[in-house]
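Now for the letters of each chain:
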Amino acid sequence: MELDRAIRIAAAGMDTQSARLRVVAENLANRDTTSEVAGGDPYRRKTVTFANRFDRALGANTVRVSRVGTAKGEFPSRHDPTHPAANAQGYVKTPNVNSTIEVMDMREAQRSYTANLSVLEVSRGMLTRTIEAMR
């Protein structure tokens with residue numbers, strides 16, 4: 001049944017966006033997490049990579065999380081000679097998490113989740129009306 005396929009595809013999209021929101025929340029929660037040892041690396045921002053996967057049962061492509069990786073690049077640093085993770089020059093490496101980027105990712109994931117939820121609700125409503133018409 002086509003409505004069942006639509007519901008399952010939308011549910012897969014919602015599941016994927018939920019995983020993305022969890023990663024964004026983790027990044028935001030750790031935006032100030034530094035190393036506990038001098039010169040050590042702080043928290044590194046996590047990233048989500050998506051992939052289309054063919055679902056044989058549905059006969060359609062669905063989106064899934066391919067992997068959760070880490071962002072490459074240098075860590076910003078700030079001068080704080082009293083911090084336990086400060087190097088010999090008094091600089092502490094800070095996480096490469098940009099709150100603005102994380103909030104933008106969060107909003108995009110939220111909108112995608114909401115769009116998939118709308119598809120799910122409309123499909124469910126159509127199924128309900130079909131069942132009622134058959135009575």
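Residues numbered from 1 in each chain as written. Predicted model: local features only at pLDDT ≥ 70, side-chain atom pairs only at ≥ 80, totals over all residues. Heavy atoms only, no water.

## Concerning the overall build of the protein
Next up, step 1: Along the protein, the regular secondary structure elements total two helices and four strands.
Next up, step 2: Along the chain direction, N to C, the helices and strands of the protein fall in the order α-β-β-β-β-α.
Next up, step 3: A compact globule built from 135 residues should have a C-alpha radius of gyration of about 14 Å, whereas the protein, at 22 Å, is more than 25% larger.
Next up, step 4: Considered along the principal axes of its C-alpha atoms, the protein spans approximately 80 × 25 × 20 Å. (Helix = DSSP H or I, 4+ residues; strand = E, 2+ residues; numbered from the N terminus. Rg over C-alpha atoms; globule rule 2.2 N^0.38 Å.)

## Re the side chain of Ser35
Next up, step 1: Structurally, Ser35 is set in the loop between helix 1 (2–29) and strand 1 (46–55).
Next up, step 2: With a relative accessible area of 11%, Ser35 lands in the buried category.
Next up, step 3: For Ser35, the side chain forms a polar contact with the main-chain nitrogen of Val37, separated by 3.1 Å.
Next up, step 4: In contact with Ser35, other than residues within four places in its own chain, are Gly40, Asp41, Pro42, His83 and Ala85. (Buried < 20%, exposed > 50% of the residue type's maximum accessible area, 1.4 Å probe, protein only. Polar contact = N/O pair within 3.5 Å; in protein donor to acceptor, adjacent residues only side chain to side chain. Contact = heavy atoms within 4.5 Å.)

## Description of the pattern of salt bridges
Next up, step 1: Under the criterion given, the structure shown has ten salt bridges.
Next up, step 2: For Asp4, the salt bridge is made with Arg8, and the minimal N-O distance between the two is 3.8 Å. Note that Asp4 and Arg8 are positioned in helix 1 at a spacing of four residues, about one turn of the helix.
Next up, step 3: Residue class for Asp4 comes out partly exposed when judged on its relative accessible area of 34%.
Next up, step 4: Look at Arg8 and you get partly exposed, because its relative accessible area is 37%.
Next up, step 5: We note a salt bridge from Arg20 to Asp105, for which the minimum N-O separation is 3.9 Å. Here Arg20, found in helix 1, pairs with Asp105, found in helix 2 (residues 99–134); they are 85 residues apart in sequence, far enough to count as distant.
Next up, step 6: With a relative accessible area of 11%, Arg20 lands in the buried category. (Salt bridge = Lys/Arg side-chain N within 4 Å of Asp/Glu carboxyl O.)

## Things to note about the pairing of strand 2 (residues 60–70)
Next up, step 1: Judged from the ten bridges that link them, strand 1 and strand 2 form a sheet pairing that is antiparallel. Counted as the bridge partner of Ala51 is Arg64 from strand 2.
Next up, step 2: The hairpin turn running from strand 1 into strand 2, its antiparallel successor, is four residues long, and Gly59 in that turn takes a positive phi close to 70°. (Pairing = 2+ DSSP bridges.)

## Focus on the environment of Asn27
Next up, step 1: Summarising the element assignment, Asn27 is placed in helix 1.
Next up, step 2: Along the primary structure Asn27 and Asn98 are separated by 71 residues, whereas in three dimensions their C-alpha atoms are 8.9 Å apart.
Next up, step 3: Setting aside its immediate chain neighbours within four residues, Asn27 contacts Tyr43, Arg45, Lys46, Val97 and Glu102.

## Things to note about helix 2
Next up, step 1: If you check helix 2, its first and last C-alpha atoms are 52 Å apart, about what 36 residues at 1.5 Å a residue would give, namely 52 Å.
Next up, step 2: Taken residue by residue, helix 2 has Glu102, Ala109, Asn116, Leu120, Ser123 and Gly125 as its buried positions.
Next up, step 3: Tucked into the core, helix 2 has its buried residues touching helix 1.
Next up, step 4: For helix 2, the N-terminal cap is Asn98; the gap from its side-chain oxygen to the backbone nitrogen of Thr100 is 2.9 Å. (Expected span 1.5 Å × (residues − 1).)

Remember, this is a structural readout, not a statement about activity or role.
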